[in-house]
Amino acid sequence: MIWQQKKPENMAFEAALDELDAIVNELESGDIPLEDALKKFERGISLARNSQLKLTQAEQRVEILLRADDNAPLTDFEPSHDE
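Quick caveat, the model's predicted, so the values are computed rather than measured.

Some remarks on the overall build of the protein
Then, number 1: For the protein, the helix and strand inventory stands at two helices and zero strands.
Then, number 2: Residues classed as buried in the protein amount to 17% of the 83 residues present.
Then, number 3: The long-range share in the protein, meaning contacts at least 24 apart out of those at least 6 apart in sequence, stands at 56%.
Then, number 4: When the accessible surface of the protein is totalled, it reaches about 6,900 Å², and 53% of it is carbon and sulfur.

Here's the deal with the side chain of Arg-43
Then, number 1: Tracing the sequence through the fold places Arg-43 in helix α2 (residues 34-67).
Then, number 2: By relative accessible area, Arg-43 is classed as buried at 13%.
Then, number 3: In this structure the side chain of Arg-43 is engaged in a polar contact, spanning 2.8 Å, whose partner is the backbone oxygen of Lys-6.

Let's talk about the nonpolar core
Then, number 1: Judged by nonpolar contacts, Met-11, Ala-16, Leu-20, Ile-23 and Leu-47 together constitute the single largest core of five residues.
Then, number 2: Among the elements that line this core, the one with the most residues is helix α1 (residues 13-29), at three residues.
Then, number 3: Residues contacting Ala-16, with those up to four places away along its chain left out, are Met-11, Leu-47 and Ser-51.

Quick word on the packing of α1 against α2
Then, number 1: Packing of α1 against α2 leaves a shortest axis separation of 9 Å and a crossing angle of 150 degrees. The element α1 and its partner α2 pack so that their crossing is left-handed. Counted together, Phe-13, Ala-16, Leu-17, Glu-19, Leu-20, Ile-23, Glu-26 and Leu-27 of α1 and Ala-37, Lys-40, Phe-41, Arg-43, Gly-44, Leu-47, Ala-48, Ser-51, Lys-54 and Leu-55 of α2 form the full contact between these two elements.
Then, number 2: In terms of residue class, the contact of α1 with α2 is built from eleven nonpolar, two polar and five charged.

Definitions and cut-offs
- Residues numbered from 1 in each chain as written.
- Predicted model: local features only at pLDDT ≥ 70, side-chain atom pairs only at ≥ 80, totals over all residues.
- Heavy atoms only, no water.
- Helix = DSSP H or I, 4+ residues; strand = E, 2+ residues; numbered from the N terminus.
- Buried < 20%, exposed > 50% of the residue type's maximum accessible area, 1.4 Å probe, protein only.
- Contact = heavy atoms within 4.5 Å.
- Areas by Shrake-Rupley, 256 points an atom, 1.4 Å probe, with all protein chains shown as cover.
- Polar contact = N/O pair within 3.5 Å; in protein donor to acceptor, adjacent residues only side chain to side chain.
- Core = buried A, V, L, I, M, F, W, Y, C linked by side-chain atoms within 4.5 Å.
- Axes fitted to C-alpha atoms, helices over the stretch in contact; angles between N-to-C directions.
- Left-handed = near helix turned anticlockwise from the far one by under 90°.
- Nonpolar A, V, L, I, M, F, W, Y, C, P; charged D, E, K, R; others polar.

Have a look at this one:
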């Protein structure tokens, strides 16, 4: 399967997971040269890290919404870039 090489941070969460799943399947097959496997592994790590960041941000948004006063106005979520 051919994937567009978007930057992981610009990909939808679901698209990143689909690509990561395909990479894992390819790596597990063992049918690719070492150099290609290393490139795919690197891409997979990047996809996994960015997906984890998006999950963390979503959890924070949910936490803020659940914690907020029912009468408080909603504000935009500003993720921290400390991680």
